[in-house]
Amino acid sequence: MTYETILTETRGKVGLVTLNRPQALNALNSTLVAELNEALDGYERDPGIGCVVITGSEKAFAAGADIKEMSGLSYPQTYLDDFITAWDKVAARRKPIVAAVSGFALGGGCELAMMCDFILASDTAKFGQPEIKLGVMPGAGGTQRLTRIVGKAKAMEMCLTGRMMDAAEAERSGLVSRIVPADQLVDEALKVAATIADMSLPIALMTKESVNRAYETTLAEGIRFERRVFHAMFATADQKEGMQAFVEKRPAKFANE
Ligand code: CAA
């Protein structure tokens, strides 16, 4: 499939999406968001794919929503078109998605990275929500997801001043899982994604769903949900295979059943 604003490829059981609008630092225009969703739809449907990586260029993961496309919109247009809501589909995917971030992840770029399941950052990564400098605020989940991830003090400072966080601060704050050298970022992300894709797909999906529950419910409800899903895992052939393989001291071969 050929797209205008992204590149896609399949590496074994991993789908790789590279945002590709270098002339605009991968600013997220409506074409890019539609193409990204189409590519992710394809990976969701493909039973051979177990994990997806979204990355950008070395200079920019994405510098935010496309300001040139957005600047002339009126309130009724944003309201009637439900502007930005299509982006949320990224967060609603069932298969795990890893964001591999190098360079700028600003505004909608930071928000897109946070919609993924975790972020691997290169040592050049810079995260920020600079929308306030444009006379708006984050509109793709930034005021909510950033606050839950890094806490009120840092989120409030970043959203109110537009200050960027470098990779080291992002790692200290829990925004990224790990930092790797820029020239190894995509390879490392593909390696992590391949590890995930080698697990049982239904178990990985249930695990993702359970971790995400922690953001949406009370501790007691979340633990009840976890317990129900954990018990249900004993109805899968992959649980039998995983535990049998351990006992027999051999690698497990999951059948996604
Ligand atoms: N939208 C559209 N075009 C953008 C863009 C964006 N978000 N970010 C960068 N570009 C374009 C620039 O206009 C420039 O294009 P031209 O060469 O045609 O002028 C090109 O990308 C290169 O950018 P710069 O020359 O500015 O590069 P730089 O290295 O000097 O600066 C930067 C890099 C600090 C990231 C700077 O480009 C910048 O501040 N960009 C805007 C970041 C921003 O405000 N993002 C938030 C957008 S609003 C949003 O995302 C809303 C939401 O929550 C959904």
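This text follows the structure it describes.
None of these values were measured; they are calculated from a predicted model.

*Asks:* Lay out the site of the ligand in plain terms, naming residues and giving numbers.
*Replies:* The environment of the ligand is formed by 24 residues, the closest being Lys59, Ala65, Gly108, Glu111 and Glu131. With respect to the ligand, the side chain of Lys59 contributes an N or O atom lying 2.8 Å from an oxygen atom. Interatomic distance of 2.9 Å between a backbone N/O atom of Ala63 and a nitrogen atom of the ligand. For the ligand, whose free accessible area comes to 980 Å², the fraction covered by protein is 65%. Elements with a minimum of two residues in the shell around the ligand: helix H2 (67–70), strand S6 (104–106) and helix H4 (108–115). Here the shell around the ligand is composed, by residue class, of 14 nonpolar, five polar and five charged.

*Asks:* Residues and numbers for the packing of aromatic side chains, please.
*Replies:* Ring pairs (aromatic) are described by centroid distance and by the angle formed between their planes. One pass over the structure, following the stated rule, counts two aromatic pairs. A centroid spacing of 5.3 Å and a plane angle of 80 degrees characterise the contact between Phe230 and Phe234, whose relative ring orientation is edge-to-face. Overall, Phe234 belongs to the partly exposed group, its relative accessible area being 36%. Between the NZ or CZ atom of Arg213 and the centre of the ring of Phe225, over which it lies, the distance is 4.1 Å.

*Asks:* I'd like a description of the nonpolar core, backed by residues and values.
*Replies:* Ranked by size, the top nonpolar core spans 45 residues in total, and within it Ile54, Phe127 and Leu175 carry the most contacts. The element best represented in this core is helix H1 (residues 30–45), accounting for six residues. With sequence-adjacent residues up to four places away left out, Leu175 is seen in contact with Met114, Ile119, Phe127, Leu146, Ile149, Val150, Met165 and Ala170. Residues Val14, Leu185, Leu190 and Ile196 belong to the second largest nonpolar core, which totals 15 residues.

*Asks:* Can you tell me about a nonpolar patch on the surface, naming the residues and giving the values?
*Replies:* Taken together, the side chains of Ile67, Leu134 and Val136 make up a nonpolar region of the molecular surface, amounting to roughly 260 Å² of accessible area. Residue position: Ile67 is located in helix H2.

*Asks:* Give me the sheet that holds strand S8 (residues 126–128): which residues, what numbers.
*Replies:* Strands sit in the order S4-S6-S8-S9 across an open sheet of four strands; the sheet is mixed. In this open sheet, the two strands that pair with only one neighbour each are strand S4 (60–62) and strand S9 (165–166). With two bridges connecting them, S4 and S6 associate as parallel partners. Note that in S6 the partner of Ala60 across the bridge is Phe104. Along the sheet face, H4 touches S4, S6 and S8 and points at about 90 degrees away from the line of S6.

*Asks:* Outline the state of the cysteines, supporting the account with residue identities and numerical values.
*Replies:* In the structure shown here, the tally under the stated rule is zero disulfides. Just so you know, Cys116 is unpaired, no disulfide at all, and the nearest cysteine sulfur is the one on Cys51, 10.0 Å from it. On the accessibility criterion, Cys116 (6% relative accessible area) is buried.

*Asks:* Tell me what's going on with the sheet that holds strand S1 (residues 6–11), and back it up with residues and numbers.
*Replies:* Paired through backbone hydrogen bonds, the strands of a sheet run either parallel or antiparallel to each other. Overall, mixed pairing links the six strands, which are arranged S1-S2-S3-S5-S7-S10 in an open sheet. Lying at the two open borders of the sheet, with one neighbouring strand each, are S1 and strand S10 (178–180). Between one strand axis and the next, the sheet turns by 20 degrees as a mean value, whatever way the strands run. Contacts between H1 and the sheet are confined to S1, strand S2 (14–19), strand S3 (51–55) and strand S5 (97–101), with S1 contributing the most and set at about 15 degrees to the helix.

*Asks:* If you had to explain the packing of helix H5 (residues 142–150) against helix H6 (residues 152–161) to someone new, which residues and values would you point to?
*Replies:* Between H5 and H6, the shortest axis-to-axis distance is 7 Å and the interhelical angle comes to 140 degrees. Considered as vectors, H5 and H6 are oriented oblique to each other. For the pair H5 and H6, contact is made by Leu146, Thr147 and Val150 and by Lys152, Lys154, Ala155, Met158 and Cys159, respectively. Each residue belonging to the contact of H5 with H6 can be placed in one class, and the counts come to five nonpolar, one polar and two charged.

Cut-off values and rules
Residues numbered from 1 in each chain as written. Predicted model: local features only at pLDDT ≥ 70, side-chain atom pairs only at ≥ 80, totals over all residues. Heavy atoms only, no water. Near = heavy atom within 4 Å. Polar contact = N/O pair within 3.5 Å; in protein donor to acceptor, adjacent residues only side chain to side chain. Areas by Shrake-Rupley, 256 points an atom, 1.4 Å probe, with all protein chains shown as cover. Helix = DSSP H or I, 4+ residues; strand = E, 2+ residues; numbered from the N terminus. Nonpolar A, V, L, I, M, F, W, Y, C, P; charged D, E, K, R; others polar. Phe/Tyr/Trp six-rings, centres within 6.5 Å; stacked < 30°, edge-to-face > 60°. Buried < 20%, exposed > 50% of the residue type's maximum accessible area, 1.4 Å probe, protein only. Lys NZ or Arg CZ within 6 Å of the ring centre and 35° of its normal. Core = buried A, V, L, I, M, F, W, Y, C linked by side-chain atoms within 4.5 Å. Contact = heavy atoms within 4.5 Å. Patch = residues over 30% accessible without salt bridge, like charges linked within 9 Å, V, L, I, M, F, W, Y side chains within 5 Å. Salt bridge = Lys/Arg side-chain N within 4 Å of Asp/Glu carboxyl O. Pairing = 2+ DSSP bridges. Axes fitted to C-alpha atoms, helices over the stretch in contact; angles between N-to-C directions. Disulfide = S-S within 2.5 Å. Parallel < 35°, antiparallel > 145°, perpendicular 65-115°, else oblique.

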